[in-house]
Amino acid sequence: MDRMKTDYSNARPPQWAETLLRLLLTPKDRESVSGDLLEEYRDTIVPTLGSAADRWYVRQVGSFLLRASWAWGAILGAPLVIRYLLDTLVPPTNYKMRATVLTYTIMAICLLTGFSAAWRTRSMRAGVLTSFSAATMGALFSIVGTGLMLAVWHDPATLDAWRRSGGLDEAFIDVPLKLIALGVAIGALGAVLGKGVARSLTTEVKTGA
């Protein structure tokens, strides 16, 4: 029994998953939370699940990423759904203004997502990762929302309005892909700013002390 425990005490989850987990945690939680999860992995999960323990650990890390990004994903998806809803119910004569407002709104949210995550974790990579995850979920939310709207409103007049506003290919493919690209690019900029501001404030506190 002691030998088996020693074997379990040496067990390690995938290194990339451990690294990802630590990225997503705040500096004050980085050691304690990752240590607690590793302890549970060794003491309970490996003896119980065996080779499936690594999949359990990866799922736990995935849940941390989901918690960090789902709200931002919903915030990113909401403007797209609202825009499509307005185009369906109140078609404008000129779609350019709505498209411009939507673009700048999405860019601002992506910037805030990367900034917030990098600020919280003091990690630029965490900011980019969280922004990418949020943008992906936002794209999925918009696709689901678009599909639900089409299930409710699919008369010829509505479909014609959709074609004039960009078409179904734009709603289901082009815009979601562009959203993910913006999530990475603008989120990276936000992450740089977030980490930079956090580092600057930390330096000022230390200097003041």
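Residues numbered from 1 in each chain as written. Predicted model: local features only at pLDDT ≥ 70, side-chain atom pairs only at ≥ 80, totals over all residues. Heavy atoms only, no water.

Remarks on the packing of aromatic side chains
Turning to step 1, where the next piece is worked out: A complete count under the given rule lists two aromatic pairs for this structure.
Turning to step 2, where the next piece is worked out: Pairing tyrosine 41 with tyrosine 57 gives two aromatic rings, centres 5.7 Å apart and planes at 80 degrees, and the pair type is edge-to-face. Here tyrosine 41 is found in helix α3 (residues 27–49), whereas its partner tyrosine 57 is found in helix α4 (residues 53–89), with 16 residues between them in sequence.
Turning to step 3, where the next piece is worked out: With a relative accessible area of 1%, tyrosine 57 lands in the buried category.
Turning to step 4, where the next piece is worked out: A ring pair is formed by phenylalanine 115 and tryptophan 119, whose centres lie 6.1 Å apart and whose planes are at 20 degrees; its orientation type is stacked. (Phe/Tyr/Trp six-rings, centres within 6.5 Å; stacked < 30°, edge-to-face > 60°. Helix = DSSP H or I, 4+ residues; strand = E, 2+ residues; numbered from the N terminus. Buried < 20%, exposed > 50% of the residue type's maximum accessible area, 1.4 Å probe, protein only.)

Some words on the nonpolar core
Turning to step 1, where the next piece is worked out: Counting 16 residues, the largest nonpolar core has Leu21, Tyr41, Trp56, Tyr57 and Val61 as the members making the most contacts within it.
Turning to step 2, where the next piece is worked out: Listing elements by their share of this core, those giving two or more residues are α2 (15–24), α3 and α4. (Core = buried A, V, L, I, M, F, W, Y, C linked by side-chain atoms within 4.5 Å.)

Some words on helix α6 (residues 124–152)
Turning to step 1, where the next piece is worked out: Helix length check: α6 (29 residues) gives 42 Å between terminal C-alpha atoms against 42 Å at 1.5 Å per residue, within 8%.
Turning to step 2, where the next piece is worked out: With a side-chain oxygen positioned 3.4 Å from the backbone nitrogen of arginine 125, the residue opening α6 is serine 123. (Expected span 1.5 Å × (residues − 1). Polar contact = N/O pair within 3.5 Å; in protein donor to acceptor, adjacent residues only side chain to side chain.)

Describing the packing of α2 against α3
Turning to step 1, where the next piece is worked out: Close contact between α2 and α3 brings their axes to 9 Å; oriented N to C, the two are set at 145 degrees. Handedness of the crossing formed by α2 with α3: right-handed. When α2 is examined against α3, the residues Glu18, Leu21, Arg22 and Leu23 are found in contact with a partner set consisting of Arg30, Glu31, Ser34, Leu37 and Leu38.
Turning to step 2, where the next piece is worked out: Residues belonging to the contact of α2 with α3 are distributed by class as follows: four nonpolar, one polar and four charged. (Axes fitted to C-alpha atoms, helices over the stretch in contact; angles between N-to-C directions. Left-handed = near helix turned anticlockwise from the far one by under 90°. Contact = heavy atoms within 4.5 Å. Nonpolar A, V, L, I, M, F, W, Y, C, P; charged D, E, K, R; others polar.)

Considerations on helix α5 (residues 96–121)
Turning to step 1, where the next piece is worked out: Over its 26 residues, α5 extends 38 Å from the first C-alpha to the last, a length consistent with the 38 Å expected when each residue adds 1.5 Å.
Turning to step 2, where the next piece is worked out: Looking at α5, one finds that the buried residues are Leu102, Ile106, Ile109, Cys110, Thr113, Gly114, Ala117, Ala118 and Thr121.
Turning to step 3, where the next piece is worked out: Positive backbone phi, approximately 60 degrees, marks arginine 122, located one or two places after α5.

Let's talk about the pattern of salt bridges
Turning to step 1, where the next piece is worked out: Under the criterion given, the structure shown has three salt bridges.
Turning to step 2, where the next piece is worked out: The closest approach of N and O atoms between lysine 28 and aspartate 29, which form a salt bridge, is 3.5 Å.
Turning to step 3, where the next piece is worked out: For lysine 28, a relative accessible area of 69% translates into the label exposed. (Salt bridge = Lys/Arg side-chain N within 4 Å of Asp/Glu carboxyl O.)

Here we look at the side chain of serine 131
Turning to step 1, where the next piece is worked out: As for its placement among the helices and strands, serine 131 is situated in helix α6.
Turning to step 2, where the next piece is worked out: Taking the relative accessible area as the measure of exposure, serine 131 reaches 1% and is therefore buried.
Turning to step 3, where the next piece is worked out: Setting aside its immediate chain neighbours within four residues, serine 131 contacts Cys110, Thr113, Gly114, Gly183 and Gly187.

What to know about the side chain of serine 69
Turning to step 1, where the next piece is worked out: By the secondary structure assignment, serine 69 is in helix α4.
Turning to step 2, where the next piece is worked out: Within the local environment of serine 69, its side chain forms a polar contact with the backbone oxygen of leucine 65, the two atoms lying 2.7 Å apart.

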